Amino acid sequence: MDQYDSGGLGGLFDVPDQVLLNAQAPRRPVVESALPPVWGDRAELLIASGTLPARARALVPEWNRPPALMPSPNVRPGRKSGDNGPQALHNDRMVDRHFSRTELAELYDYFNHWNVSPQNDFYIDLVMQADSVLDVGCGTGKLHRVARERGHTGRLVGLDPAEAMLEVGRRDRDDVEWILGDLVEGPYDGETEPLEKGTFDLIVMSGHAFQVFTTDEELRANLASIRRLLSEDGRFVFETRNPAVRGWEAWSPERVRTVDGPEGRRATCVHRLREVQGDLVTFTSDYSVEDWDEPQVSRSTLRFPDAETVNGFLVEASLRVSAQYGYWDRSPLTEKSAEIITFARPA
Ligand SMILES: C[S@@+](CC[C@H](N)C(=O)[O-])C[C@H]1O[C@@H](n2cnc3c(N)ncnc32)[C@H](O)[C@@H]1O
């Protein structure tokens, strides 16, 4: 094991209920409520009898509507586009609606605020120790924003293909390098210089961003770029959900999450599992905000590779695993671990 490594989200309800209930939002508290599994049916009955509150009524049609999928010629396996499927943003690269749509990206930090998962404290310690950090799939860039707030003086680069997510970070801080792009295409604007070889002491992928790589080809290409961008003693740190614990089974409408969203408006999110095919898990996320006419639905597919698969791809990319943990307290990785948290170094 690497001595240096032995020292400290996103979006889905992986965190234990207790954590959700105790979590403090940046400005407002988070409330988790549970609805019975038959909520959809019951709601329809209540609508028929005119007793369902307006806010809940707005949610129901979308919850019960089967997803409308429009096959597209440029779709990757497991990444179907359509009404609520991922959107092609650049050279047919697909990004889920909850990252690409402004009104949904605006909700991200409310549902994934700093204290919602111990992952943020884990990663910020690493970022604060490194001089130059690349956050791949940075989303709204909360790690880098907090690092600057805490006095980080080095280079902080946040890379993401979803402009709407980057915009949230950019609005908060202009002293982070925000790059619209991905590791394979590079910057999308044709002006920003591509990232230079051997530049970063630390590359992170947090909030399960690693799971957006759904094909072997995509994984190989992204890991090759990470290897190229890492300095010779740099580290790549990321996590992926452990498929052995089948976390997707909890992604059901029984769990409704309600937060005080932008301007104090109540925002609700519900996940529905749609399909499990090999290690690809497809689900929808229904978002509703108090004054919206109707809910917005985002369809996503994530890959759940096991540790052996992850490690195999790392080796292929000339990276070696220097430490692997099962949770944010650095407990050992076991069959029952929620996470596969990996530290990798150039081989
Ligand atoms: C669940 S969010 C995680 C955001 C952030 N890392 C966090 O911890 O809050 C996943 C992010 O991955 C981004 N993403 C999607 N496809 C990507 C790709 N090919 N390369 C890099 N990031 C990607 C999405 O736009 C989204 O912002």
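These figures come from a predicted structure and were not determined experimentally.

Rules of the game
- Residues numbered from 1 in each chain as written.
- Predicted model: local features only at pLDDT ≥ 70, side-chain atom pairs only at ≥ 80, totals over all residues.
- Pairing = 2+ DSSP bridges.
- Helix = DSSP H or I, 4+ residues; strand = E, 2+ residues; numbered from the N terminus.
- Contact = placed C-beta atoms within 7 Å.
- Axes fitted to C-alpha atoms, helices over the stretch in contact; angles between N-to-C directions.
- Expected span 1.5 Å × (residues − 1).
- Buried ≥ 20, exposed ≤ 12 C-beta atoms within 10 Å, placed from the backbone.
- Core = buried A, V, L, I, M, F, W, Y, C linked by C-beta atoms within 7 Å.
- Right-handed = clockwise from strand over helix to strand, strands pointing away.
- pLDDT = per-residue confidence, 0-100.
- Parallel < 35°, antiparallel > 145°, perpendicular 65-115°, else oblique.
- Left-handed = near helix turned anticlockwise from the far one by under 90°.

Enquirer: A description of the sheet that holds strand 9 (residues 230-241) should follow, citing residues and the corresponding values.
Expert: By way of backbone hydrogen bonds, the strands of a sheet pair with one another, either parallel or antiparallel. The mixed open sheet is built from 8 strands, whose spatial order is 7-6-5-4-8-9-15-14. The sheet is open, and its two edges are formed by strand 7 (186-187) and strand 14 (319-325), each paired on a single side. For strand 5 (residues 155-160) and strand 6 (residues 177-182), the ladder comprises 4 bridges, and the chain directions are parallel. The residue bridging G158 from the neighbouring strand is W178, located in strand 6. Sitting on the sheet, helix 7 (residues 142-149) touches strand 4 (132-136), strand 5 and strand 8 (200-205), and the angle it makes with strand 5 is about 160 degrees.

Enquirer: Give me the lowdown on helix 9 (residues 216-229), citing residues and values where you can.
Expert: Compared with an ideal rise of 1.5 Å per residue, which puts 14 residues at 20 Å, helix 9 spans 20 Å between its outermost C-alpha atoms and is within 8% of the ideal. When helix 9 is considered as a whole, its buried residues turn out to be L219, N222, L223, S225, I226, R227 and L229. The inward-facing, buried residues of helix 9 contact strand 4, strand 8, strand 9, helix 10 (307-316), strand 14 and strand 15 (339-346).

Enquirer: Outline the nonpolar core, listing residues and values.
Expert: Ranked by internal contacts, the top residues of the largest apolar core, which has 71 residues, are V127, L202, I203 and V204. The biggest single contributor to this core is helix 5 (residues 102-111), with 6 residues. Excluding residues that lie within four positions of it along the chain, V127 makes contacts with V133, L143, A147, H152 and L202.

Enquirer: Hey, could you go over the pairing of strand 8 for me, with residue numbers and the actual values?
Expert: Counting buried positions along strand 8 gives 5 out of 6 residues, so the element sits mostly inside the fold. Both strand 4 and strand 8 contribute to a ladder of 3 bridges, which runs parallel. Residue pairing across strands places L134 opposite I203, the latter belonging to strand 8. Summarising the sheet, strand 8 and strand 9 pair through 5 bridges and their orientation is parallel. Among the inter-strand pairings, V204 is bridged to a residue of strand 9, identified as V237. Between the parallel pair strand 8 and strand 9, the chain is carried across by helix 9, and the sense of this crossover is right-handed.

Enquirer: Could you give me a rundown of the confidence of the model for the chain, with the residues and numbers involved?
Expert: Chain-level pLDDT for the chain is 81 on average; 74% of the residues reach the 70-or-more range. Below a pLDDT of 50 lies the segment residues 1-9, which in the model reaches 21 contacts outside its immediate sequence neighbourhood of four places, other chains included.

Enquirer: Tell me about the packing of helix 6 (residues 119-129) against helix 7, and name the residues and values.
Expert: Helix 7 packs onto helix 6 with a crossing angle of 55 degrees between their chain directions and a minimal axis gap of 10 Å. Looking at the two axes, helix 6 sits oblique to helix 7. Considering only the axes of helix 6 and helix 7, their crossing is right-handed. Mapping the contact onto sequence places Y123, I124, V127 and M128 in helix 6 and L143, V146 and A147 in helix 7.

Enquirer: Account for the environment of H98, naming residues and giving values.
Expert: Looking at the element boundaries, H98 is found in helix 4 (residues 97-100). Residues H98 and Q296 lie 198 residues apart in sequence; the distance between their C-alpha atoms is 8.6 Å. Setting aside residues up to four positions removed in sequence, H98 forms contacts with L104, S285, Y287 and S298.

Enquirer: So, unusual backbone geometry: which residues are in play, and what are the values?
Expert: In this structure, H208 takes a positive phi of about 60 degrees despite not being glycine. Along the polypeptide, H208 turns up in the loop between strand 8 and helix 9. Owing to 22 C-beta atoms within 10 Å, H208 belongs among the buried residues under this scheme. One non-glycine residue, S318, adopts positive backbone phi at about 60 degrees. Along the chain, S318 turns up in the loop between helix 10 and strand 14. Taking the number of C-beta atoms within 10 Å as the measure of exposure, S318 has 13 and is therefore partly exposed.

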